[in-house]
Amino acid sequence: MASNLPQLCLDEIFVNLAADTVSLFSCLKVNRHWCRAAVKTLWRDPLSLKSRRKLSYPLALCLDDEDKRQQSEKLLYKQPLFRYLAFIKTLDLPLLVSATIGADFGDLNFNKAEANLPLVKAILHKKVTGDDHGVLTTLNLDFMVSTVKEQRFLNRRFSIKASNFTADDSYILFNLPNAWISLSNLRSLTVCDKNSFQILCLASQISPNISELYISLYVENEILNNKELCGISSLLPLLQSWPQLSILSFAEGVNRPWDHTMMIADDFLIGLAKFLPPNTFEHLILDAKFSFTASALAKFYETIEAKIRRISLQKAHRLQDEHLEIFCIHAEKGLIELDISSSKCISEEALSEALIFIPVIHLNLEEPTTDYDSDPNYDTEWQDQYNDFEETYGPLDFLDLL
């Protein structure tokens, strides 16, 4: 009978249902055997669920007594049905912050529009330092928030300041006790340029199996005048610490436009070629307003040892026909897809010729729209969400606290 299937069979079934949370919830109710098996899959990435705010209570029950006491004495007398933290394989700091908004268990008197940062820190520390709380495979420490919705929802509406995280080294996680165990099998890591160097230095020693690395760029343009690319070039030698690296992303943060000079972009691109591991890259993402020259791109290909299958230069709007020609010349190095969506200077003739060498090229020959404010539905959508929130919790000040 299905109710008596071996654990390995159930695990295989539930892994294939990972994206179907409704079915997984139904599986919880079959019997105890199915419940114990299904809950592991359901809690692999619970913060991705829309109902993530309901998770703060069961996660708080998984904390040590001292952390529970700081939240509420009531938590001391309750135990979780399962060790939920042990099942989590994907941990996303922005979403965890979002899940704790208004999380008040009776003693702290949190505003309903305020994130419970002490609870966030306690959950992160318990997951990383706990002896029996499993290993992580995906970690997002981009405290500047990596999506449009979360960025506006957290930083503007809920008084989340970057200084809350930059001033506290405990959010780095890699420097915590037992981090060498819980983060040893990390496959995907996301950081932002405000804390990337310290995190990646530690990750290079603790997490040797990282295959996906995402670095979000947030530093404002005026800070970059006559300076290196916000110190990002200092990260390049660290890339050789991960021989299995197959996806590398340097992408500008939400609503943080970049406009670098050619000299900075050229130096960065050539430096990147020197330190990429000599393996086959599935995807190289440079989604910022880089303005590198065609000669720098040629030098990049002459220097690089890795084969890159997909390249994304989605926001590099100054690419010209000569750039596309260089991509074609070096297409034999494995390039099968090129995203230059916002390039304004590519001709139709050059595009037609390039498609002979590169199977897939994304290019919008119409005038691109890269500014969120130019989207008429964008502000309307967020204004509706703000209005709904104010109807429930009352008016709040619109503060941009970054």
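These figures come from a predicted structure and were not determined experimentally. (Residues numbered from 1 in each chain as written. Predicted model: local features only at pLDDT ≥ 70, side-chain atom pairs only at ≥ 80, totals over all residues. Heavy atoms only, no water.)

J.: I'd like a description of helix H8 (residues 117–129), backed by residues and values.
T.: Since the α-helix packs 3.6 residues into each turn, any two residues three or four apart lie on the same face. An ideal rise of 1.5 Å per residue puts 18 Å on 13 residues; H8 measures up with 18 Å between its terminal C-alpha atoms. Turning to H8, its buried residues number three or more, namely Leu117, Leu119, Val120, Ala122, Ile123, Leu124, Lys126, Lys127 and Val128. Structurally, the start of H8 carries an N-cap: the backbone nitrogen of Leu119 is 3.1 Å from a side-chain oxygen of Asn116. (Helix = DSSP H or I, 4+ residues; strand = E, 2+ residues; numbered from the N terminus. Expected span 1.5 Å × (residues − 1). Buried < 20%, exposed > 50% of the residue type's maximum accessible area, 1.4 Å probe, protein only. Polar contact = N/O pair within 3.5 Å; in protein donor to acceptor, adjacent residues only side chain to side chain.)

J.: Break down a negative patch on the surface for me, with residues and values.
T.: Where like charges cluster on the molecular surface, the negative patch consists of Asp321, Glu322, Glu325, Glu348, Glu349 and Glu353. Every element with two or more residues in the negative patch is listed here: helix H15 (321–329) and helix H16 (348–354). Tracing the sequence through the fold places Asp321 in helix H15. (Patch = residues over 30% accessible without salt bridge, like charges linked within 9 Å, V, L, I, M, F, W, Y side chains within 5 Å. Areas by Shrake-Rupley, 256 points an atom, 1.4 Å probe, with all protein chains shown as cover. Salt bridge = Lys/Arg side-chain N within 4 Å of Asp/Glu carboxyl O. Lys, Arg positive; Asp, Glu negative; His and termini not counted. Charge placed at Lys NZ, Arg CZ, Asp CG, Glu CD.)

J.: I'd like to hear about the environment of Trp43, residue by residue, with values.
T.: With respect to the secondary-structure elements, Trp43 resides in the loop between helix H3 (32–42) and helix H4 (56–61). The exposure class assigned to Trp43 is buried, which follows from its relative accessible area of 8%. Along the backbone, Trp43 and Arg83 are 40 residues apart, and their C-alpha atoms lie at a distance of 10.0 Å. Residues contacting Trp43, with those up to four places away along its chain left out, are Leu55, Pro58, Leu59, Tyr84, Phe87 and Ile88. (Contact = heavy atoms within 4.5 Å.)

J.: Now, about the environment of Leu91: what can you tell me, with residues and values included?
T.: Relative to the helices and strands, Leu91 resides in strand S1 (residues 90–92). With sequence-adjacent residues up to four places away left out, Leu91 is seen in contact with Leu47, Leu124, Lys127, Leu136, Thr138, Leu139 and Asn140.

J.: Could you give an account of the sheet that holds strand S5 (residues 247–252), with specific residues and numbers?
T.: Pairing is parallel across the open sheet formed by nine strands, whose spatial order is S1-S2-S3-S4-S5-S7-S9-S10-S11. Edge positions in the sheet fall to S1 and strand S11 (360–362), since each has one partner strand and no second. Shown here is a sheet whose adjacent strand axes are inclined to one another by a mean of 5°, direction ignored. Note that strand S2 (residues 138–140) and strand S3 (residues 188–192) share three bridges and pair parallel. What sits directly across from Leu139, in S3, is Leu189. Packed onto the sheet, helix H12 (residues 196–206) meets S3 and strand S4 (212–217) and runs at close to 155° relative to S3. (Pairing = 2+ DSSP bridges. Axes fitted to C-alpha atoms, helices over the stretch in contact; angles between N-to-C directions.)

J.: Quick rundown of the packing of helix H1 (residues 7–15) against H3? Include the residues and the values.
T.: The contact between H1 and H3 brings their axes to 9 Å, and the two run at 45°. In terms of orientation, H1 lies oblique with respect to H3. Taken as a pair, H1 and H3 cross one another with a handedness that is right-handed. Note on element contacts: H3 touches H1 through His33, Trp34, Ala37, Ala38, Lys40 and Thr41, opposite Gln7, Leu10, Asp11, Phe14 and Val15. Partitioning the contact of H1 with H3 into residue classes produces six nonpolar, three polar and two charged. (Parallel < 35°, antiparallel > 145°, perpendicular 65-115°, else oblique. Left-handed = near helix turned anticlockwise from the far one by under 90°. Nonpolar A, V, L, I, M, F, W, Y, C, P; charged D, E, K, R; others polar.)

J.: Lay out the side chain of Ser291 in plain terms, naming residues and giving numbers.
T.: Turning to its location among the elements, Ser291 is positioned in the loop between strand S7 (283–287) and helix H14 (294–303). At 3.4 Å, the side chain of Ser291 and the side chain of Arg318 are in polar contact.

J.: So, the pairing of S4: which residues are in play, and what are the values?
T.: The pairing of S3 with S4 spans five bridges and is classified as parallel. When the sheet's bridge partners are listed, Cys192 is paired in S4 with Ser216. Chirality of the crossover, the property in question, places the unit of S3, H12 and S4 among those that are right-handed. Of the strand pairs in this sheet, S4 and S5 are connected by six bridges, and their pairing is parallel. Looking across to S5, one finds that Ser216 is bridged to Ala251. (Right-handed = clockwise from strand over helix to strand, strands pointing away.)

J.: I'd love a proper account of the nonpolar core, names of residues and values included.
T.: Among the nonpolar cores identified, the biggest contains 115 residues, and Leu139, Phe174, Leu189, Leu248, Phe250, Leu272 and Phe300 are the most heavily contacted of them. Setting aside chain neighbours within four positions, we find Phe174 in contact with Leu139, Leu141, Ala179, Leu183, Leu186, Leu189, Ile199, Leu202, Ala203, Ile206 and Ser207. (Core = buried A, V, L, I, M, F, W, Y, C linked by side-chain atoms within 4.5 Å.)

J.: Can you tell me about H15, naming the residues and giving the values?
T.: By the burial criterion, the buried members of H15 are His323, Leu324, Ile326, Phe327 and Cys328. In this structure, the buried side of H15 is in contact with H14, strand S9 (310–312), strand S10 (337–339), H16 and S11.

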